[in-house]
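Overview (structure and organization)
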Amino acid sequence: MVPKYFSGDIIACKRLPIDTFFQWNKPYVIDTDQGALVKLVMKGSTKETLMITSENDKYPPFELSVKHIYGIAIVIGVIRLE
């Protein structure tokens with residue numbers, strides 16, 4: 001999620017229930033079957049999907065089925081050591 005978050009940053013987040021009300025275009029930590037992602041969440045094309053986007057233009061958006069999500073947390077802050 002460069003340029004917003006960098007390798008080594010500590011992300012503060014609040015764990016939410018899977019069936020949470022999403023704040024569109026806000027950063028979330030998403031625990032998936034392929035590992036954890038820090039991404040922006042948008043409305044998907046169906047009720048069973050979410051559109052996942054990155055702050056980094058190098059990575060294209062993709063749809064993620066909610067059945068592949070094991071946990072979710074909204075990012076509430078970041079600690080960056082210099």
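Residues numbered from 1 in each chain as written. Predicted model: local features only at pLDDT ≥ 70, side-chain atom pairs only at ≥ 80, totals over all residues. Heavy atoms only, no water.

1. Points about the environment of P60
The condition that has to hold: In this description a helix means any DSSP run of H or I spanning at least four residues, a strand means any run of E spanning at least two, and both kinds are numbered starting from the N terminus.
Mapped onto the secondary structure, P60 falls in the loop between β4 (49–53) and β5 (62–65). Placed 56 residues apart in sequence, P60 and K4 show a C-alpha to C-alpha distance of 16 Å.

2. Digging into the packing of aromatic side chains
Our working rule: When two rings of Phe, Tyr or Trp (its six-membered ring) have centres within 6.5 Å they constitute a pair, described as stacked for plane angles under 30 degrees, edge-to-face for angles over 60, and tilted for the intermediate range. Here the term buried applies to any residue with accessible area under 20% of the maximum for its type, exposed to any over 50%, and partly exposed to those in between, with areas from a 1.4 Å probe on protein chains only.
This model, assessed by the stated rule, comprises two aromatic pairs. When the centroid spacing of 6.0 Å and the interplanar angle of 10 degrees are considered together, the rings of F22 and W24 count as stacked. Residue classification places F22 among the buried positions, given a relative accessible area of 11%. W24 gets classed as partly exposed once you look at its relative accessible area, which sits at 41%. Arranged with centres 5.4 Å apart and planes meeting at 70 degrees, the rings of F22 and Y28 form a pair that is edge-to-face.

3. Overview of unusual backbone geometry
The phi angle at N25 is positive, at roughly 65 degrees, despite the residue not being glycine. Inspection of the secondary structure puts N25 in the loop between β1 (10–16) and β2 (26–32).

4. Digging into the nonpolar core
Rule in force here: Here the nonpolar core consists of buried residues drawn from Ala, Val, Leu, Ile, Met, Phe, Trp, Tyr and Cys, with membership extended through side-chain atoms lying within 4.5 Å.
Judged by nonpolar contacts, L16, F22, Y28, I30, V41, L50, I52, L64, I69, I72 and I74 together constitute the single largest core of 11 residues. Of the residues forming this core, the biggest block, three residues, is contributed by strand β6 (residues 69–79).

5. Concerning the pattern of salt bridges
Proximity of charged atoms lets side chains of opposite charge pair with each other. Inclusion rule: Should a side-chain nitrogen of Lys or Arg be within 4 Å of a carboxyl oxygen of Asp or Glu, the pair is scored as a salt bridge.
Taken as a whole and assessed by the stated rule, the structure comprises one salt bridge. Between R80 and D9 there is a salt bridge whose closest N-O contact spans 2.7 Å. Within this pair, whereas R80 is found in the segment after β6, its partner D9 is found in the segment before β1, the two being separated by 71 residues in sequence.

6. Thoughts on the environment of M51
Definition in use: We call two residues in contact when some of their heavy atoms are within 4.5 Å.
By the secondary structure assignment, M51 is in strand β4. Judged by its relative accessible area of 22%, M51 is partly exposed. Taking the C-alpha atoms as reference points, M51 and L40, separated by 11 residues in sequence, lie 8.3 Å from one another. When sequence neighbours within four positions are dropped, the list of residues in contact with M51 reads L40, V41, M42, K43, G44, P61, F62 and E63.

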